[in-house]
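# Structure at a glance
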Amino acid sequence: MHTDTERCVRAVQSKDARFDGWFFTAVLTTRIYCRPSCPVVPPKPGNMTFYPSAAACQQAGFRACKRCRPDTSPGSPEWNQRADLTARAMRLIADGVVDREGVPGLAARLGYSTRQVERQLLAELGAGPLALARAQRAQTARLLIETTPLPMADIAFAAGFSSIRAFNDTVREVYALSPSELRTRAPRNRPAPTAPGALPLRLPFRAPLNPDNLFGHLAATAVPGVEEWRDGAYRRTLRLPYGHGIVALTPNPDHIACRLTLSDLRDLTVAISRCRRLLDLDADPVAIDDQLRADPLLAPLVDKAPGRRVPRTVDEAEFAVRAVLGQQVSTAAARTHAARLVTAHGDPVDDPEGGLTHLFPSTEALAAVDPETLAMPRTRRTTFTTLVAHLADGSVNLGAGSDWAETRARLLALPGFGPWTADVIAMRALGDPDAFLPTDLGIRRAAAELGLPSTPGALTARAAAWRPWRAYAVQYLWATDDHPINFLPV
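Residues numbered from 1 in each chain as written. Predicted model: local features only at pLDDT ≥ 70, side-chain atom pairs only at ≥ 80, totals over all residues. Heavy atoms only, no water.

## Re the overall build of the chain
Note the cut-off: Helix and strand definitions here come from DSSP, where helices need a minimum of 4 consecutive H or I residues and strands a minimum of 2 consecutive E residues; each element is numbered from the N-terminal end. Here the globule rule is a power law, 2.2 Å times the number of residues to the power 0.38, and the radius of gyration is based on C-alpha atoms. Classification of residues uses two cut-offs on accessible area relative to the type maximum, computed with a 1.4 Å probe and protein chains only: under 20% is buried, over 50% is exposed, and between them is partly exposed. Here a residue-residue contact requires only that any non-hydrogen atoms of the pair lie within 4.5 Å. Per-residue and other accessible areas were derived by the Shrake-Rupley procedure at a 1.4 Å probe size, with only the shown protein chains allowed to occlude residues. His residues and chain termini do not enter the charge count, which takes Lys and Arg as positive and Asp and Glu as negative. For the purpose of locating charges, the reference atoms are NZ of Lys, CZ of Arg, CG of Asp and CD of Glu.
Looking only at helices and strands, the chain features 23 helices and eleven strands. Against the globule reference of 23 Å for 490 residues, the chain gives a C-alpha radius of gyration of 23 Å, in line with a compact fold. With the C-alpha coordinates aligned to their principal axes, the bounding extent of the chain is approximately 65 × 50 × 50 Å. Counting over 490 residues, the chain shows a buried share of 55%. Residue pairs in contact within the chain that sit at least 24 positions apart in sequence constitute 67% of those at least 6 positions apart. Accessible surface, the chain: about 20000 Å² in total, of which carbon and sulfur atoms supply 54%. Charge centroids of the chain, computed over 57 positive and 51 negative side chains, lie 4 Å from each other.

## Examining the pattern of salt bridges
Cut-off, in case you're wondering: Here, a salt bridge means any Lys or Arg side-chain nitrogen found within 4 Å of an Asp or Glu carboxyl oxygen.
The final tally for this structure, using the stated rule, is 37 salt bridges. D264 is the salt-bridge partner of R266, the closest N and O atoms lying 2.8 Å from each other. Judged by its relative accessible area of 39%, R266 is partly exposed. For D264, a relative accessible area of 18% translates into the label buried. Among the salt bridges present, the one from R410 reaches E406, with a minimum N-O distance of 3.0 Å. Placement of both R410 and E406 in helix 19 (residues 404–412) is noted, with a separation of four residues, approximately one turn of the helix. A single network of salt bridges, built from pairs that share partners, joins E228, R230, R235, R259, D351 and E353.

## Some words on the side chain of E228
Cut-off, in case you're wondering: Under the rule applied, a polar contact is a pair of N or O atoms within 3.5 Å (in protein, one hydrogen donor and one hydrogen acceptor; residues adjacent in sequence only if both atoms are side-chain atoms).
Tracing the chain through its elements places E228 in strand 6 (residues 227–230). Looking at E228, the relative accessible area reads 15%, which means it is buried. At 3.1 Å, the side chain of E228 and the side chain of R230 are in polar contact. In terms of polar contacts, E228 uses its side chain to reach the side chain of R235, at 2.5 Å.

## A short note on empty space enclosed by the protein
What counts here: Site definitions follow a grid-based scheme: protein atoms alone, a 1 Å grid, a 1.4 Å probe that fits but cannot get out for cavities, and for pockets an open set with protein on both sides within 12 Å along at least five of seven lines, plus lining residues having an atom within 4 Å of a point. Grid points are joined across faces, edges and corners, and a volume is the space filled by probe spheres set on the points. The nonpolar class holds Ala, Val, Leu, Ile, Met, Phe, Trp, Tyr, Cys and Pro. Asp, Glu, Lys and Arg form the charged class, and all remaining residues, Gly among them, are polar.
Counted by the stated rule, this structure contains three cavities of 30 Å³ or more. Computed from the structure, the largest cavity encloses a volume of approximately 60 Å³. As for the largest cavity, its lining consists of P77, N80, Q81, D280, A283, D284, I288, R312, P433, W469 and Y472. Of the residues in the lining of the largest cavity, the class split is six nonpolar, two polar and three charged.

## Some points on the pairing of strand 7 (residues 233–239)
Condition: Pairing between strands requires that DSSP locate at least two bridges from one strand to the other.
Across the seven residues that make up strand 7, a large majority, six, are buried. The pairing of strand 6 with strand 7 spans four bridges and is classified as antiparallel. Within strand 7, the residue paired with E228 across the bridge is R235. For strand 7 and strand 8 (residues 244–251), the ladder comprises six bridges, and the chain directions are antiparallel. From the neighbouring strand, R235 faces strand 8, where its bridge partner is A248. Joining the antiparallel neighbours strand 7 and strand 8 is a turn of four residues.

## Digging into the sheet that holds strand 4 (residues 63–64)
How we decide: Convention adopted: a line fitted to C-alpha atoms gives each axis, helices being fitted over their contacting stretch, and angles between N-to-C directions are expressed from 0 to 180 degrees.
Overall, mixed pairing links the four strands, which are arranged 3-1-2-4 in an open sheet. Looking at which strands have only one partner, the edges of the open sheet turn out to be strand 3 (48–51) and strand 4. Pairing geometry for strand 1 (residues 24–27) and strand 2 (residues 32–34), over three bridges, is antiparallel. Residue pairing for strand 2: T25 is matched across the bridge by C34. Contacts from helix 1 (residues 5–13) reach strand 1 and strand 3, with the element oriented near 105° to strand 3.

## Structural notes on helix 16 (residues 331–345)
Note the cut-off: One less than the number of residues in a helix, times 1.5 Å, gives the span that helix is expected to have.
Helix length check: helix 16 (15 residues) gives 21 Å between terminal C-alpha atoms against 21 Å at 1.5 Å per residue, within 8%. Residues of helix 16 that are buried: A334, H337, A338, A339, L341 and V342.

## What to know about the packing of aromatic side chains
Basically, it comes down to this: Pairing of aromatic side chains here covers Phe, Tyr and the six-membered ring of Trp, requires ring centres within 6.5 Å, and sorts the geometry by plane angle: under 30 degrees stacked, over 60 edge-to-face, intermediate tilted. Definition used: whenever NZ (Lys) or CZ (Arg) falls within 6 Å of the ring centre and also within 35 degrees of the ring normal, the charge is taken to sit over that ring.
Using the criterion set out here, one finds seven aromatic pairs in the structure. Seen in terms of ring centroids, F23 and F50 are 5.6 Å apart; in terms of plane orientation they differ by 85°. Their pairing is edge-to-face. Placement of the pair is F23 in the loop between helix 1 and strand 1 and F50 in strand 3, with a sequence separation of 27 residues. Seen from their ring centres, F161 and F167 are 5.8 Å apart, and the 65° between their planes marks the pair as edge-to-face. The pair formed by F161 and F167 is uniform in burial state, with each residue classed as buried. Above the plane of the ring of Y175 lies R142, whose end atom (NZ or CZ) is 4.6 Å from the centre. Over the ring of Y242 we find R266; its NZ or CZ atom is 3.9 Å from the centre of that ring.

Structure representation (structure tokens):
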């Protein structure tokens, strides 16, 4: 979008928050970059130039605005709706791959050479992978400086910097303030953590956001010991690169309150990224709803409760295993099967607030399970053991940088995997916004009630008009039922 100067100028002059994260406005006279909704008086159009990323602004010598704090914008929706090399790379960078494995590790995961990845990102985003990762480290550093009393040296290494000098130089360059000055300027009324070591954060999103199906789905399918709904918050354990964590997510009208407890602060950036992905917070609900509303049979559902998101996952392998456990059984039975696995094979954790007891078992632990101990039909047992073996050896990759079409094909090649299982994994684990479930019983019931074709083939043909947002259409169709997944828990 940043190449459409006229459209960008209109968005800045109207202070349209819907475009925050889509592009950044750099002001040539002040050398400051802002989000489109910045509250200051808009600069003259001739003094504006536009960039697709904060990293590109920083690389061009602009510093972040102290008023609108562009580094706290929601992420660009492009990286969730696209499946090309750039989008896959951006998802992996957000998951901390460059910080942990460097650019060669990023390229290896994508299956391209380092030079190809750098050239593609530079052409489309105006910054290479190192600059993009550096911008992310700067944002993490600011978050820790403003929300924790940690010493600056601890913050530097927790944010992913290799030295205190690099930390100091980057913060000064990006924010035109030293780390100590940033802490001095931080709001004094920030919320106090309710548990020792907890970090209270605010996760922004593009309005509207309907929390009913989002949190309703997560709460209704919660696995005891790993997840729970308590005091208006969804809580769960997190398996992270350097350790583990516990997160509590609470819906508010203008943000999601996030409370993180981490065993290693180096996991902060990854934890935030996975929580945003879980709640689909980088979606553009206006664009999605406008297209679905064009179908006269879907329009009443969209108008009644706009802004539905797709409930996703913080662990793709975990979700795939749970999808297999849920084949042809009720939600309650699937939770029971998963809870047994957690108790027998999950890693114990200490929850300061009580209630959560384990991490969901790793694929390596599940691959070592004796199949005869699994209380499920033999055919599903074969499906389960085959899946975890392929996940453990890497022949099926469900990670942030996976190729959606290739992964779906590999899943369908496994025994016991039909279109429903592959597509629900594509929708909620891979994050494909166009995944569709025409054979799902709830979808077929909703289609019959609304007057849509109820046979899978005819419904798929009708749903072509909803592309590329069919996963969101699924949420609106599911919402016609009175299942607990559709209601915010009380």
